[in-house]
Amino acid sequence: MAKEIFAADITEHFTKTVETTFLLREITKKETRENKKQYYDILLQDSSGTLWGTIWEELMEDCHEDLKGTVVAVKAFVVGRRIEGDANSRLFFQPLSH
């Protein structure tokens, strides 16, 4: 199956749920300051560029950290907008798989 959604074009999918694949370049466990809610902050990459994503604690699994450096299938809701020269679109993820 050919890849149809790329990082560089993610703003075309603003406020939509997308399903595609990316290289999981970075994954870091963090928590919010206010209520200490845990989440993964992730950096995804494909041939067109990179973008950031968030996996909230209710979707976190220990195996996600083991997927770093591999191509993962993602299902995510696209939020934010891209300002010229500033990639600030962010994906909010449903469970990752590989």
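Rules and cut-offs
Residues numbered from 1 in each chain as written. Predicted model: local features only at pLDDT ≥ 70, side-chain atom pairs only at ≥ 80, totals over all residues. Heavy atoms only, no water. Helix = DSSP H or I, 4+ residues; strand = E, 2+ residues; numbered from the N terminus. Buried < 20%, exposed > 50% of the residue type's maximum accessible area, 1.4 Å probe, protein only. Contact = heavy atoms within 4.5 Å. Core = buried A, V, L, I, M, F, W, Y, C linked by side-chain atoms within 4.5 Å. Polar contact = N/O pair within 3.5 Å; in protein donor to acceptor, adjacent residues only side chain to side chain. Phe/Tyr/Trp six-rings, centres within 6.5 Å; stacked < 30°, edge-to-face > 60°. Lys NZ or Arg CZ within 6 Å of the ring centre and 35° of its normal. Salt bridge = Lys/Arg side-chain N within 4 Å of Asp/Glu carboxyl O.

Draft legend 1. Representation of the overall build of the protein within the structure. The helix and strand tally for the protein stands at 1 helix and 5 strands. From first element to last, N terminus to C terminus, the protein shows the α and β order β-β-β-α-β-β. In the protein, buried positions account for 33% of the 98 residues. The contacts of the protein with a sequence gap of at least 6 include a subset with a gap of at least 24, amounting to 53%.

Draft legend 2. Molecular detail of unusual backbone geometry. Not every positive phi belongs to a glycine, and Thr15 is a case in point at roughly 65°. Looking at the element boundaries, Thr15 is found in the segment before β1 (17–31). On the basis of relative accessibility, which here comes to 46%, the residue Thr15 falls in the partly exposed class. Phi angles above zero are rare outside glycine, and Lys36 is one such case at about 60°. Along the chain, the position of Lys36 falls in the loop between β1 and β2 (38–46).

Draft legend 3. Main features of the nonpolar core. Within the largest apolar cluster, 19 residues are counted, with the highest numbers of intra-cluster contacts made by Ile10, Phe22, Leu24, Ile42, Leu44, Leu51 and Leu91. Taken together, the elements giving at least two residues each to this core come down to β1, β2, β3 (49–56) and β4 (71–79).

Draft legend 4. Looking closely at the side chain of Thr20. Looking at where Thr20 falls in the secondary structure, it is placed in strand β1. Overall, Thr20 belongs to the buried group, its relative accessible area being 9%. Among the polar contacts made by the side chain of Thr20, one reaches the main-chain carbonyl oxygen of Ile5 at a distance of 3.1 Å. Not counting residues within four places of it along the chain, the set of residues in contact with Thr20 comprises Lys3, Ile5, Val72, Ala73 and Val74.

Draft legend 5. Quick peek at the packing of aromatic side chains. Within the structure shown, the criterion is met by 1 aromatic pair. Judged by centre distance (5.2 Å) and plane angle (55°), the ring pair of Tyr39 and Trp56 falls under tilted. Note that Tyr39 is positioned in strand β2 and Trp56 in strand β3, a separation of 17 residues in sequence. Taking the relative accessible area as the measure of exposure, Tyr39 reaches 16% and is therefore buried. Using a relative accessible area of 26% as the deciding quantity, one classes Trp56 as partly exposed. Above the plane of the ring of Phe6 lies Lys3, whose end atom (NZ or CZ) is 5.4 Å from the centre. For Lys3, the ring lying beneath its charged end belongs to Phe22, and the centroid distance is 4.0 Å.

Draft legend 6. Here's a closer look at the pattern of salt bridges. Per the counting criterion, the structure on display carries 5 salt bridges. Notably, a salt bridge pairs Lys30 with Asp41, separated by 3.4 Å at the nearest N-O pair. In this pair, Lys30 sits in strand β1 while Asp41 sits in strand β2, placing the two residues 11 residues apart along the sequence. For Lys30, a relative accessible area of 35% gives the class partly exposed. Notably, a salt bridge pairs Lys37 with Glu58, separated by 3.6 Å at the nearest N-O pair. Highlighted residues: Lys37 in the loop between β1 and β2 and Glu58 in the loop between β3 and α1 (63–66), separated in sequence by 21 residues. Judged by its relative accessible area of 25%, Lys37 is partly exposed.

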